[in-house]
Amino acid sequence: DQVRVGELVALRQTGKTANGNWNLAVVRWIKNTENDEIEMGIQRLAPQAEPRAIRTDAMHNLDSGLIPALFLPGLDSMKQPATLVARRGVYRPDRILTVDDGYRAQRVSATRLVQVNPSFDQFEFRLLDS
């Protein structure tokens with residue numbers, strides 16, 4: 001399959017030290033070598049990613065139309081807050097979203113766009129419910 005710069009990839013390390021979590025990364029560069037091999041540079045976004053489903057307020061009364069997303073937990077050691085990754089166009093400043101992890105739904109407000117790529121938005125949020 002074709003991989004493009006800016007796309008998300010999931011990686012999992014094997015071996016005794018692997019924790020079984022998928023690492024989420026973004027492709028930053030791709031090149032063909034003289035031996036017709038492909039090399040690519042990736043940037044890891046988080047050591048783990050958890051699936052979520054998002055519903056915007058515009059979709060709040062609909063039974064369908066959930067948007068697949070990934071929750072990236074914050075990294076205190078790097079002073080990196082938790083973020084959400086969803087398809088391009090989901091982020092809007094102060095947009096109210098309902099984020100469902102399969103057990104509970106929480107309302108959040110999108111606060112800051114971290115990065116935008118052709119296929120996804122990564123953004124910070126704040127909880128509105130506790």
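Before any of the text, the structure's been laid out above.
Computed from a predicted model, the values in this text were never measured in an experiment.

Participant: What am I meant to see in the nonpolar core here?
Facilitator: Counting 14 residues, the largest nonpolar core has I54, L84, A86, V90, L97 and F123 as its most contacted members. Put simply, the parts of the chain that give this core at least two residues each are β5 (67-72), β6 (83-87), β7 (96-100), β8 (105-116) and β9 (120-127). Take this core: its biggest share by element is three residues, from β5. Not counting residues within four places of it along the chain, the set of residues in contact with A86 comprises I54, P68, A69, S119, F120, D121 and F123. With seven residues, the next largest nonpolar core counts V26, L45, L72 and V85 among its residues.

Participant: Looking at this model, I keep getting lost on the pairing of β5. Mind explaining?
Facilitator: Successive side chains on a regular strand alternate, one facing one side of the sheet and the next facing the other. Two elements, strand β4 (residues 50-56) and β5, share five bridges in a ladder whose sense is antiparallel. Considered in β5, the bridge of P51 is made with L70. Inspection of the sheet shows β5 paired to β6 by four bridges, in the antiparallel sense. From the neighbouring strand, L70 faces β6, where its bridge partner is V85.

Conventions adopted
Residues numbered from 1 in each chain as written. Predicted model: local features only at pLDDT ≥ 70, side-chain atom pairs only at ≥ 80, totals over all residues. Heavy atoms only, no water. Core = buried A, V, L, I, M, F, W, Y, C linked by side-chain atoms within 4.5 Å. Buried < 20%, exposed > 50% of the residue type's maximum accessible area, 1.4 Å probe, protein only. Helix = DSSP H or I, 4+ residues; strand = E, 2+ residues; numbered from the N terminus. Contact = heavy atoms within 4.5 Å. Pairing = 2+ DSSP bridges.

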